[in-house]
Amino acid sequence: MSGDPRVANGWGAEHRRAQAEQISCADVVDALGRRHRHRAHILGLESPTPGRVLFGPVVTIAFFPSCAASVDPAVHDFRSLIREAVGDDAEGKVLVLATNGHPGVSVGGGTKLGRVHHYGLDGVLTDGRRDYAELRTYGFTAYCAGEAVEAGGALITPHQANVPVVLDGVGIMPGDYVLADGSGAVIIPRRGD
């Protein structure tokens, strides 16, 4: 796709983002519903900055119930998994954090949020909860299940990077695109190359 003349003429990530800010999540859900016969939208999400649009290609981290016997926390840590997920070109990507059945649990505090900011990600989409006060201090956008009131480290731990995940019944593959606004989120399947 790098040989595509549209990319060379400004149709790259910045152009796609500008276009995404001109349409709503509901518009994309309608269009996908006519073209693809699968559920692509996620409802019931909240944001500490609801006026912001979240858009970009997906990278994933899947969480797993904490159990030091089967998921060694020294091996499965957020720092190494986010590095694996974002790769060498992180800017503009959206980190999808899947709790695997634990939507009431926090999936990150200040250290994890700092890494999202450090890598220049467009933001975070998760079915878990986040600390709103901390989220408001960063420039990235976040959509989540709600505000966190307790840490989740004792219940779930980061497990795998860039694997298919499911949020609210919607399958999400690394490389798909996400568009989220105040009405919800929609997952746009990547085109086969």
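Everything below is about the structure shown above.
Just so we're clear, the structure is a prediction, and the values are computed from it rather than from any experiment.

The rules behind each value
- Every chain is numbered on its own, with residues counted from 1 as its sequence reads.
- The predicted nature of this model means local features are confined to residues of pLDDT at least 70 and side-chain atom pairs, given and counted, to a pLDDT of 80 or more, with totals for whole chains, interfaces and linings taken over all residues.
- To get the side-chain values, all heavy atoms of the structure are used, and hydrogens and water are removed first.
- Helix and strand definitions follow DSSP, with helices as H or I runs of at least four residues and strands as E runs of at least two, each counted in order from the N terminus.
- Residue exposure (1.4 Å probe, protein chains only): buried if accessible area is under 20% of the type maximum, exposed if over 50%, otherwise partly exposed.
- When DSSP finds two or more bridges between a pair of strands, those strands are recorded as paired.
- Centres within 6.5 Å are what make two rings of Phe, Tyr or Trp a pair, Trp counting through its six-membered ring; a difference in plane orientation under 30 degrees is then read as stacked, over 60 as edge-to-face, and the rest as tilted.
- Pairs of N or O atoms are called polar contacts if they sit within 3.5 Å, as long as, within protein, a hydrogen donor faces a hydrogen acceptor (for residues adjacent in sequence, only side-chain-to-side-chain pairs).
- For this analysis, residues touch if any pair of their heavy atoms sits within 4.5 Å.

Would you explain unusual backbone geometry in this entry?
In terms of backbone geometry, most residues other than glycine have negative phi values and most peptide bonds are trans. In this model, Asn 162 sits at a positive phi of 50°, which is unusual for a non-glycine residue. Tracing the backbone through its elements, the reader meets Asn 162 in the loop between β8 (156-161) and β9 (165-167). The phi dihedral of Asp 168 is positive, around 50°, even though this residue is not glycine. Structurally, the position occupied by Asp 168 is in the loop between β9 and β10 (170-172). Residue classification places Asp 168 among the partly exposed positions, given a relative accessible area of 42%.

Hey, could you run me through the pairing of strand β12 (residues 184-188) in this one?
Remember that side chains alternate between the two faces of the sheet whenever the strand is regular. For β12, a buried count of four out of five residues is recorded, marking the element as mostly surrounded by other parts of the structure. The pairing of strand β1 (residues 41-42) with β12 spans two bridges and is classified as antiparallel. Paired with Ile 42 across the strands is Ala 185, a residue of β12. For strand β11 (residues 177-181) and β12, the ladder comprises five bridges, and the chain directions are antiparallel. Bridged to Asp 181 within β12 is Gly 184. What sits between the antiparallel neighbours β11 and β12 is a turn of two residues.

Before we go on, may I ask you to explain the packing of aromatic side chains in this structure?
Here the distance between the centres and the angle between the planes together describe a pair of aromatic rings. The final tally for this structure, using the stated rule, is two aromatic pairs. On the basis of an interplanar angle of 35° and a centroid distance of 5.3 Å, the ring pair of Phe 55 and Tyr 177 is categorised as tilted. Here Phe 55 is found in strand β2 (residues 54-65), whereas its partner Tyr 177 is found in strand β11, with 122 residues between them in sequence. A single burial state applies to Phe 55 and to Tyr 177, both of which are buried.

Looking at this structure, how should I read the side chain of Lys 93?
Inspection of the secondary structure puts Lys 93 in the loop between α4 (78-86) and β3 (94-98). Within the local environment of Lys 93, its side chain forms a polar contact with the backbone oxygen of Val 86, the two atoms lying 3.1 Å apart. Setting aside chain neighbours within four positions, we find Lys 93 in contact with Pro 57, Val 59, Val 86, Leu 121, Asp 122 and Gly 123.

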